[in-house]
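Results of the structural survey
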Amino acid sequence: MASDVEPMVLKNPTLRWIEERLPILSFGYRHLVAYPTPRNLSYWWNFGSLAGMILVIQIVTGVVLAMHYTPHVAHAFDSVEHIMRDVNWGWLLRYLHSNGASMFFAVVYIHIFRGLYYGSYKAPRELLWIIGVVILFLMMMTAFMGYVLPWGQMSFWAATVITNLFSAVPLVGESIVTWLWGGFSVDNPTLNRFFSLHYLLPFVIVGVVFLHLAALHTHGSNNPVGIDLTKKDKIPFHPYYTVKDLFGFAVFLLVYLGLVFFAPDLLGHPDNYIPANPLVTPAHIVPEWYFLPFYAILRAITFDILFIPAKLGGVIAMIASIAVLFFLPWLDTSKVRSARYRPIYRIFFWILVADCFVLGYVGANPPEGWLVTLGQIATLWYFAHFLVVLPILGKLERPLPVPESLSAPVLPRGAAVPAE
Amino acid sequence: MADTTASVEPVEGGKRRDFLELLTWSTVAVGTAAAIWPFIHQMNPSADVLALASVEVDLSKIPPGSAIKVMWRGKPVFVRHRTPEEIAEARAVPLSELRDPEPDSARVKKPEWLIMVGVCTHLGCIPLGTAAGEPKGEYGGWFCPCHGSHYDTSGRIRKGPAPTNLPVPQYTFLSDTLVRIG
């Protein structure tokens, strides 16, 4: 049972020469080989490394697509069709990229809810969590701008609607929107800057991911039991978690490539195969599935709140729905991390999950009749969960007895050696 | 695990395990190669580029003694209507005098029509000599201004740094006045 970090031994003189001048080998060894990892991580802990692998897939396919794409209003749509029809394997590369975006969000959302369930955002991992929320923000910006590039009807109207959100800002709103557009409507300058930023932001995400990892490796992964583990309860990252992550990646590929090969347009909108037309708005515009809950929150504010007009209120609510996550480490007042030992929080957790699905459903459908009310209730609950339930629950809830170490719940009394 | 066949026994250090390992790594190698291929092949000419890889030229508008340039695959192709004197001059040169020995008859399908890719075989400049008034070099063919290569009336290298003759592309005469290049 080798759980302690064993020093790296280099026999090869060339490697020793490199290591002496650039200690990159010992760095890799410390963080990818010997790195002490909780021995009780479940498959829910696969989704972090999975997200990292998808980021790489998105960058590689994206760089390749940029070799064939033309960011000009007169050529963008055609160049995407050129990729689909003429470029060798272009259809595969584009479907990998578009479905990759969907899978990225799916994986990251699971990763986030894993953190919510097991209290991974609590001390000393608050910054780790906050950096994660920053990554989510960057991902959303990147995904939105990428969606505009094919310059179909949905692209154009998504760009129009989302940039118009800023017009809700008092006084300078209109100026900001004009500045974002580089003109008086979404047009060629907008498309050009979106392409530039869509290429840039993923590399910014890579940088922030390294911060995320640096913070992670400072205190190590949280675990399903949610207690701080001693060395005895940790195992080296390699081979235990390299193999487990690879296995998870293989299972993920089945789902991802299943979509790519058998239902590549399942998650997209047919309207985006119609070239952008600034004179006609599609009858029913909806964002991609991963933005639906936020879209529902945006539309839920149909009334003025004191001096805040409904339009601005919706924008504030939508931004706040993500921004509230920044404060989560302090809103949750319970000292117990894992929901395993928080019977009441566990119920509220699943209500929040259901609430997000309700918001997604509302966001996918036209804002009519009872759906408006349902969206408002779901929005209210979303904020209540973070701003009311969590602070109070931490004070009132009586947690179940939390074990002192992993061997306590797993093994009979006195057994020090962990199970194989 | 419940397998009781003989192969479970460690024969010469684990025969079955060796086989599984070989199988696994072979699958990894083939799978990786297959996954990488689309990323490499996407840089090869796409279907629309290949579709434009031939061009038809109307020869009726080129009087004897003059030449034109046509674009083919992004490069100029020289189409020269040679005079009988130029043909005779090209055919009179002994092969031993040539750096890249090639008889004139092997470079044309009809002696009066010389069709070549107009890219200097030295470093890719476009030799002068096609349009009227351009220097044709010491051998009456073409002269490359970049590094001073001289080509004769058959487009063969005669002097200067270029290593080989101007290449002759694939072409077919569709009729007496129409030729398809590529």
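One can find the structure itself at the top, above this paragraph.
To start, this report covers the structure provided alongside it. Residues take numbers from 1 onward in each chain, read along the sequence in its written order. Here the convention is simple: chains get letters from A, ligands get numbers from 1, in the order in which they are written. Where local features are concerned, this predicted model is filtered to residues with pLDDT of at least 70; where side-chain atom pairs are given and counted, the filter is 80 or more; whole-chain, interface and lining totals use all residues. Think of the side-chain values as coming from all heavy atoms in the structure, minus any hydrogens and water.

So, the interface of chain B and chain A
- Residues count as neighbours in contact if any of their non-hydrogen atoms are within 4.5 Å of one another. With 11 residues of chain B in contact, the opposing surface of chain A contributes 13 residues.
- Summed over both partners, the interface of chain B with chain A comes to about 970 Å²; 66% of that surface belongs to carbon and sulfur atoms.
- What counts as buried area is the accessible surface, traced by a 1.4 Å probe, that two parts surrender upon association, with contributions from both included. In terms of surface lost to chain A, no three residues of chain B exceed B:Pro38, B:Phe39 and B:Gln42, which account for 56% of the buried area on that side.
- Throughout this description, the term salt bridge denotes a Lys or Arg side-chain nitrogen within 4 Å of a carboxyl oxygen of Asp or Glu. Where chain B meets chain A, there are 0 salt bridges.
- Each polar contact in these results corresponds to two N or O atoms within 3.5 Å; when the atoms are within protein, one needs to be able to donate a hydrogen and the other to accept it, and residues that are neighboring in sequence are counted only if both atoms are side-chain atoms. For the pair chain B and chain A, the interface holds 6 residue pairs in polar contact (both at pLDDT 80 or more).
- Elements supplying a minimum of two residues to the side of chain B that touches chain A: helix H1 (15-41) and helix H2 (47-51) of chain B.
- Of the residues forming the side of chain B that touches chain A, the biggest block, 4 residues, is contributed by H1(B).
- Basically, the charged four are Asp, Glu, Lys and Arg, the nonpolar ten are Ala, Val, Leu, Ile, Met, Phe, Trp, Tyr, Cys and Pro, and anything else, Gly included, counts as polar. Of the residues belonging to the side of chain B that touches chain A, the class tally is 6 nonpolar, 4 polar and 1 charged. Each helix corresponds to a stretch of at least 4 residues labelled H or I by DSSP, and each strand to a stretch of at least 2 residues labelled E; elements are numbered beginning at the N terminus.

A closer look at the sheet that holds strand E9 (residues 178-181) of chain B
All names here are of chain B.
- Paired strands are those between which DSSP finds at least two bridges. Spatially, 3 strands are ordered E1-E9-E8 in an open sheet, and the strand pairing comes out antiparallel. The open sheet has two free edges, formed respectively by strand E1 (55-58) and strand E8 (171-173), since each of these has just one partner strand. Averaged over all pairs of adjacent strands, the angle between their axes in this sheet comes to 20°, without regard to strand direction.
- Where E8 meets E9, 3 bridges bridge the pair, whose relative direction is antiparallel. With axes taken as lines fitted to C-alpha atoms, and helix axes fitted only over the stretch in contact, angles between N-to-C directions fall between 0 and 180 degrees.

Observations regarding the sheet that holds strand E2 (residues 67-72) of chain B
All names here are of chain B.
- Across the sheet, which stays open at both edges, the 3 strands sit in the order E2-E3-E4 with antiparallel pairing between neighbours. The open sheet has two edge strands, E2 and strand E4 (113-117), and neither has a second partner. Sheet twist, expressed as the mean angle between neighbouring strand axes with direction ignored, is 20°.
- Of the pairings in the sheet, the one linking E2 to strand E3 (residues 75-81) comprises 6 bridges and is antiparallel in character. By the bridge assignment, Ala67 is partnered in E3 with Arg80.

Structural notes on the packing of aromatic side chains
- Classification of ring pairs rests on two measures: the distance between centres of Phe, Tyr or Trp rings, Trp counted by its six-membered ring, which must be within 6.5 Å, and the angle between planes, read as stacked under 30 degrees, edge-to-face over 60 and tilted in between. All chains considered together, the criterion is met by 34 aromatic pairs over all chains.
- Relative to A:Phe156, the ring of A:Trp151 lies with its centre 5.5 Å away and its plane at 85°, an arrangement referred to as edge-to-face.
- Residue class for A:Phe156 comes out buried when judged on its relative accessible area of 4%.
- Here A:Phe252 and A:Tyr256 contribute two aromatic rings whose centre-to-centre distance is 5.4 Å and whose plane-to-plane angle is 25°, an arrangement assigned as stacked. Remark: A:Tyr256 and A:Phe252 occur in helix H10 (residues 237-262); sequence separation between them is 4 residues, near one turn of the helix.
- The cut-offs for exposure are 20% and 50% of the maximum accessible area for each residue type, with area from a 1.4 Å probe on protein chains only; residues under the lower value are buried, those over the upper are exposed, and the others partly exposed. On the basis of relative accessible area, A:Tyr256 is assigned to the buried category, the value being 2%.
- Criterion for a charge above a ring: Lys NZ or Arg CZ within 6 Å of the ring centre, and within 35 degrees of the ring normal. Note that A:Arg114 overlies the ring of A:Trp45, its terminal NZ or CZ placed 4.6 Å from the centroid.
- The ring of B:Tyr171 is capped by B:Lys109, whose NZ or CZ atom sits 4.7 Å from the centre of that ring.

A look at a nonpolar patch on the surface
- Residues forming no salt bridge and having over 30% relative accessible area are the ones grouped into patches, like charges within 9 Å of each other and nonpolar side chains (Val, Leu, Ile, Met, Phe, Trp, Tyr) within 5 Å. Every accessible area reported is derived by Shrake-Rupley at a probe size of 1.4 Å, with residue values counting cover from the shown protein chains alone. A cluster of nonpolar side chains, contributed by A:Trp89, A:Trp91, A:Phe261, A:Phe262, B:Ile36, B:Trp37 and B:Ile40, occupies part of the molecular surface with about 760 Å² of accessible area.
- Broken down by secondary-structure element, the contributors of at least two residues to the nonpolar patch are H10 of chain A together with H1 of chain B.
- For the nonpolar patch, the element with the highest residue contribution is H1(B), accounting for 3 residues.
- In this fold, B:Ile40 is placed in helix H1.

Examining the pairing of E3(B)
Residues and elements named next belong to chain B.
- Buried residues dominate E3, accounting for 6 of its 7 residues.
- Remark: 2 residues form the turn of the hairpin made by E2 and E3, two consecutive strands paired antiparallel; Arg73 in that turn has positive phi of roughly 55°.
- Bridge count for E3 against E4 is 5 bridges, and the pairing is antiparallel. The partner of Arg80 across the bridge, within E4, is Leu114.

Digging into unusual backbone geometry
Residues and elements named next belong to chain A.
- Cis peptide bonds are those with omega within 30 degrees of zero, and the linkage from Ala123 to Pro124 qualifies with 5°.
- Along the polypeptide, Pro124 turns up in the loop between helix H5 (90-118) and helix H6 (126-148).
- At the junction of His238 and Pro239, the peptide bond is cis and its omega measures out at 10° in the coordinates.
- With respect to the secondary-structure elements, Pro239 resides in helix H10.
- Of note, Leu171 is a non-glycine position whose phi angle comes to about 65°, a positive value.
- Counting through the fold element by element, Leu171 comes out in the loop between helix H7 (153-164) and helix H8 (173-181).
- A relative accessible area of 88% places Leu171 in the exposed class.
- Phi at Leu306 takes a positive value of approximately 50°, unusual for a residue other than glycine.
- Among the structural elements, Leu306 can be located in the loop between helix H11 (292-300) and helix H12 (310-323).
- Overall, Leu306 belongs to the exposed group, its relative accessible area being 80%.

Here we look at the side chain of B:Asn165
Residues and elements named next belong to chain B.
- Along the chain, Asn165 turns up in the loop between strand E7 (157-159) and E8.
- Here Asp100 takes part through its backbone oxygen, which lies 3.0 Å from a polar atom of the side chain of Asn165.
- One polar contact links Asn165 to Glu102, side chain to side chain, over a distance of 2.8 Å.
- In contact with Asn165, other than residues within four places in its own chain, are Asp100, Glu102, Arg107, Thr121, Gly155, Arg156 and Ile157.

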